[in-house]
Amino acid sequence: DVKVTQSSRYLVKRTGEKVFLECVQDMDHENMFWYRQDPGLGLRLIYFSYDVKMKEKGDIPEGYSVSREKKERFSLILESASTNQTSMYLCASTQPRTEANQPQHFGDGTRLSIL
Amino acid sequence: AQTVTQSQPEMSVQEAETVTLSCTYDTSENNYYLFWYKQPPSRQMILVIRQEAYKQQNATENRFSVNFQKAAKSFSLKISDSQLGDTAMYFCAFMTNTGNQFYFGTGTSLTVIP
């Protein structure tokens, strides 16, 4: 089974701090994604990466950056955390379409609170 | 751009009954993939069922089945013989043919009542 591991289940930080959310997958997947999940808004894509050192902006990239130095690891960075970034953050990975209809595999999520 | 719409924010069903969750989407693509995901309270998001747009036959996984209407761009999920463990948030998702882009609906919170 695919394992997607997010480094923290719960995290509390202060406004203005630099925050790192880490995600690791063990299936050699090429594509990795960061979403935030808010009630009534579903999942919104922040960034995705289709290869090492490659990244693409999603629907809501403002206030975030990402890093993918190794294939298995995709980090989400809040450069200067703000209270409106309090949310549940989900990491996912998948193979590209050439591997047939591969769904996304999700981590457990990180519930981030910014005080 | 693709959009996915789930018009039922909350639903409930009696245990052992059948419930249908609706999902519509908008796309100009001809080949794509559709998924239903389940997210139990405080637990991981997991795949329930998938459907390829080029297949006319509706997908089935045990008690879960879909009604895929390509022309209407509709992809509903039917849960038969509902169980307490089916209580969860359900997300409908669309994947582009390249596999690089996923779009999710806003979710339907399903409660199974004993």
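Within any chain, residue numbers begin from 1 and follow the written order of that chain's sequence. Ligands are numbered from 1 and chains lettered from A, in the order in which they are written. Given that this is a predicted model, residues contribute local features only at a pLDDT of at least 70 and side-chain atom pairs are listed and counted only at 80 or more, while totals for whole chains, interfaces and linings are drawn from all residues. The side-chain numbers reported here are obtained from all heavy atoms of the structure, hydrogens and water having been left aside.

Undergrad: Is there a simple way to explain the packing of aromatic side chains in this structure?
TA: Two aromatic rings, taken as a pair, are described by how far apart their centres are and by the angle between their planes. Pairing of aromatic side chains here covers Phe, Tyr and the six-membered ring of Trp, requires ring centres within 6.5 Å, and sorts the geometry by plane angle: under 30 degrees stacked, over 60 edge-to-face, intermediate tilted. In this structure the tally under the stated criterion is 20 aromatic pairs over all chains. Note on Phe102 of chain B and Phe104 of chain B: the rings are 6.4 Å apart at their centroids and 20° apart in plane angle, and the pair reads as stacked. The exposure classification of Phe102 of chain B matches that of Phe104 of chain B, with both residues buried. Taken together, the ring pairs in this structure connect Phe33, Tyr35, Phe48, Tyr50 and Phe106 of chain A together with Phe35, Tyr37, Phe102 and Phe104 of chain B into an aromatic cluster. The buried label goes to any residue with under 20% of its type's maximum accessible area, the exposed label to any with over 50%, and the partly exposed label to all in between, with areas taken from a 1.4 Å probe on protein chains only.

Undergrad: So what exactly am I meant to see when it comes to the nonpolar core here?
TA: Soluble globular proteins: nonpolar side chains tend toward being buried together. Among buried residues, those of type Ala, Val, Leu, Ile, Met, Phe, Trp, Tyr and Cys that are joined through side-chain atoms within 4.5 Å constitute a nonpolar core. With 26 residues, the main nonpolar core has Tyr25, Trp36, Phe75, Leu77 and Tyr90 of chain B as its most contacted residues. Each helix is a run of DSSP H or I of at least 4 residues and each strand a run of E of at least 2, with the numbering of both proceeding from the N terminus. Taken together, the elements giving at least two residues each to this core come down to β3 (19-21), β5 (32-39), β6 (46-52), β8 (64-69), β9 (74-79), β10 (88-96) and β12 (108-113) of chain B. Sort the elements by how many residues they give to this core and β10 of chain B lands first, with 4 residues. Contacts between residues were defined by any pair of non-hydrogen atoms, one from each residue, lying within 4.5 Å. Setting aside anything within four residues of it in sequence, one finds Phe75 of chain B in contact with Cys23, Tyr25, Leu34, Phe35, Trp36, Gln51, Val66, Asn67, Phe68 and Cys92 of chain B. Counting 20 residues, the second largest nonpolar core, distinct from the first, contains Leu11, Cys23, Ile46 and Ala81 of chain A.

Undergrad: What exactly am I supposed to notice about the pattern of salt bridges here?
TA: Charged atoms that come close allow side chains of opposite charge to pair. Put simply, a salt bridge is a Lys or Arg side-chain nitrogen that is within 4 Å of an Asp or Glu carboxyl oxygen. Enumeration over the complete set of coordinates arrives at 9 salt bridges over all chains. A salt bridge links Asp38 of chain A to Arg44 of chain A; its shortest N-O distance comes to 2.9 Å. Judged by relative accessible area, Asp38 of chain A falls into the buried class, the value being 12%. Take Arg44 of chain A: its relative accessible area is 25%, and that puts it in the partly exposed class. When the shortest N-O distance is used, the salt bridge between Glu52 of chain B and Lys55 of chain B registers 3.8 Å. Using a relative accessible area of 11% as the deciding quantity, one classes Glu52 of chain B as buried. Among the residues examined, Lys55 of chain B registers a relative accessible area of 40% and is labelled partly exposed.

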